[in-house]
There are 2 protein chains.
Amino acid sequence: MKAVVFDGKLRVDDVPWPCRAKGDVLVRVSTAGICNTDHEILKGYMPGFSGIPGHEFVGVVEEAGEPELVGRRVTAEINCGCGTCELCRAGMQRHCPDRTVLGIAGRDGAFAEFVCVPAENIVRVPAGINDTHAVFIEPLAAALEVLEQTSIGPEHTVLVIGDGKLGQLLALVMRSTGCRLRVAGRHAEKLALLSDAGIETLRTDRLGEQSYDVVIEASGSPEALQDAVSRVRPRGRLVLKSTYAGGVTVDLAPVVVNELTVIGSRCGRFDAAVAFMQSCPLQLERLVTATYPLDRALEAFERSARPDSLKILLDMG
Amino acid sequence: MKAVVFDGKLRVDDVPWPCRAKGDVLVRVSTAGICNTDHEILKGYMPGFSGIPGHEFVGVVEEAGEPELVGRRVTAEINCGCGTCELCRAGMQRHCPDRTVLGIAGRDGAFAEFVCVPAENIVRVPAGINDTHAVFIEPLAAALEVLEQTSIGPEHTVLVIGDGKLGQLLALVMRSTGCRLRVAGRHAEKLALLSDAGIETLRTDRLGEQSYDVVIEASGSPEALQDAVSRVRPRGRLVLKSTYAGGVTVDLAPVVVNELTVIGSRCGRFDAAVAFMQSCPLQLERLVTATYPLDRALEAFERSARPDSLKILLDMG
């Protein structure tokens, strides 16, 4: 089958079909999305990862142990726990120390014609959610994760830093809480998308003196991090949504002096994302910059790395 | 009067008596304690601070607007808010942006024969708490602050990193919660003090692989910080009690990937510390390494900077 392969270098190649292990489901991928984490992998964020990247996807089940699954339109939770450790038994497979992660760690991902995933990770996509929206289930779940970790409501002022893919989704999620929301970014067109959705925006370089109850850092820029720390009111909360390749220097004095709570936030629950999509019309097509066929994946990655790009999709055709 | 003065350099000098402002109380200092923050000030942690340091003290009221205060044995909350801003009105004077802090920012401290403090900061020291214990009210309040910010109980495993002054107090506070407690340190004698109190200890360089529900970083060492991050279980909590002069480099990836909550923690409530002292026998004398007269304060500071020292007291005589 055709697939995007990373082994220190990225290429499109012909590779053997994945071998479906017991308990796995084979999915014919329809569409997949390129995420910042994919670019971080290319920069070495997951040392030792080689194989097929890709963890945002929708497809149709081709083979499964449970026959009623075959032919269903699905996506899949990306963390595959060992199933036996304390964390897995507590329902925290996403934090299993021996986990593999689809297209990120120890397991081939979805930038291919076919992908194998454990049956328990499969999430059915309801008919009301089209393929383009379905690719956003994974990143939307990551945005919703913030609300699973900490409570935000109309009484809070919230600043989201970052107008990229994740920042846009966080903005939609935060808007739904009724909080007093502002989104800061550096790209006029991306900020305009938010303004069009009725969300107050400002330029990252013009944050002014205001401080916020909650600041969510989703720009991925290490420089933005210090800015984020200084925008949280005393005893307020800073949510970190970006992973950075390598260490970052931060002056932590304000965290201690102002008694901030810093909340690291990663992947979320797919069921929450599906429910959110079914409740709120989100116009996610507006976040898609371009769609490429699989054999032009390198071009798609280049396009995705450009500062003016939002989501780039791969169509497996 | 005699006082310790810092103006880029530390000296003992004769200075004018403090001028009691309206609403202030003049206290004749009996005993004061040297804290790590005092050493950080000497290193430039509070740029621009010059004057009399010292914020852990006990003394007797010499002059006050309210005559019934005169002659009382007291200590004082160290943060002096503006009294009018939103934070002060919400009872968060400790976070007032225009606050002065006794011996730390914009206000002379207690390493002197006399000190002036706002009457509302005065805390009476009950007869059952002797002068040596009373000097620990401020740092004990800082240790208790952790419990005001986050809940810890018998169901939690807790690692305190740091066997110094603050680490010792944190250990006593954490022990009172019934949590499964370990304290890590680098000094055999200081760890022995904890063992004698029935607290499980280990060497910082032999932390092993175990992770904890809660890790409290109180060693003040930037290197320990990364260690602390890596010892927190997924979705666990890291409490930062140390302020570092200047920025520190931390790899924040584990905070995001493991979805840690990082809680900055600074000063606490004196009333909580007084109540705690009255409820639990703490044997705080064991934490006093030496007591010096005020005119030997430079020697006292040198002694306090030695790695084998715990609390050094200044006796104002």
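Overview of the structure. Given the structure is predicted, the values throughout are model-derived calculations rather than measurements. (Residues numbered from 1 in each chain as written. Chains lettered and ligands numbered in written order. Predicted model: local features only at pLDDT ≥ 70, side-chain atom pairs only at ≥ 80, totals over all residues. Heavy atoms only, no water.)

Quick word on the interface of chain B and chain A
Quite often, the size of an interface is put as the accessible area lost when its parts meet.
Working step 1: Of the residues lining the interface, 38 residues belong to chain B; the matching set on chain A comes to 38 residues.
Working step 2: Together, the buried faces of chain B and chain A total about 2900 Å²; carbon and sulfur atoms form 60% of this surface.
Working step 3: It is Arg235(B), Val256(B) and Glu259(B) in chain B that bury the most area against chain A; as a group they hold 20% of the surface buried on that side.
Working step 4: One can count 4 salt bridges joining chain B with chain A.
Working step 5: One salt bridge in this structure joins Glu148(A) and Arg235(B), with 3.8 Å as the shortest N-O distance.
Working step 6: In this structure, the connection of chain B to chain A is made through 11 residue pairs in polar contact (both at pLDDT 80 or more). (Contact = heavy atoms within 4.5 Å. Buried area = accessible area lost by both parts, 1.4 Å probe. Salt bridge = Lys/Arg side-chain N within 4 Å of Asp/Glu carboxyl O. Polar contact = N/O pair within 3.5 Å; in protein donor to acceptor, adjacent residues only side chain to side chain.)

Considering helix 9 (residues 270–279) of chain B
All names here are of chain B.
Working step 1: For helix 9, the set of buried residues is Phe270, Ala273, Val274, Phe276 and Met277. Seen from one end, helix 9 has its buried residues packed into an arc of 160°, which puts them on one side. Turned more than 90 degrees away from the buried face of helix 9 sit Gln278 and Ser279, all of them exposed.
Working step 2: On its buried face, helix 9 is in contact with strand 5 (73–76), strand 9 (122–124), helix 3 (131–135), helix 4 (137–149) and helix 5 (165–175). (Buried < 20%, exposed > 50% of the residue type's maximum accessible area, 1.4 Å probe, protein only. Helix = DSSP H or I, 4+ residues; strand = E, 2+ residues; numbered from the N terminus. Arc of directions from axis to C-beta.)

Observations concerning the side chain of Glu56(B)
All names here are of chain B.
Working step 1: Looking at the element boundaries, glutamate 56 is found in strand 4 (residues 56–63).
Working step 2: A distance of 2.8 Å separates the side chain of glutamate 56 from the side chain of lysine 311, its partner in a polar contact.
Working step 3: With residues up to four places along the chain from it excluded, the contact list for glutamate 56 reads Thr31, Ala32, Gly33, Ile34, Cys35, Val135, Glu138, Pro139 and Lys311.

A look at unusual backbone geometry
Working step 1: Of note, Gln283(A) is a non-glycine position whose phi angle comes to about 50°, a positive value.
Working step 2: Position of Gln283(A) relative to the elements: it lies in the loop between helix 9 (270–279) and strand 17 (288–293).

Some thoughts on the relation of the copies chain B and chain A
Working step 1: Mapping chain B onto chain A leaves a residual RMSD of 0.0 Å; the transformation is a rotation of 180° accompanied by 0.0 Å of translation along its axis. These values place the two chain copies in the arrangement generated by a two-fold rotation axis. Distance from the rotation axis, computed per C-alpha, reaches its smallest value in chain B at Thr249(B): 2.0 Å. (Least-squares fit on C-alpha atoms with pLDDT ≥ 70 in both.)

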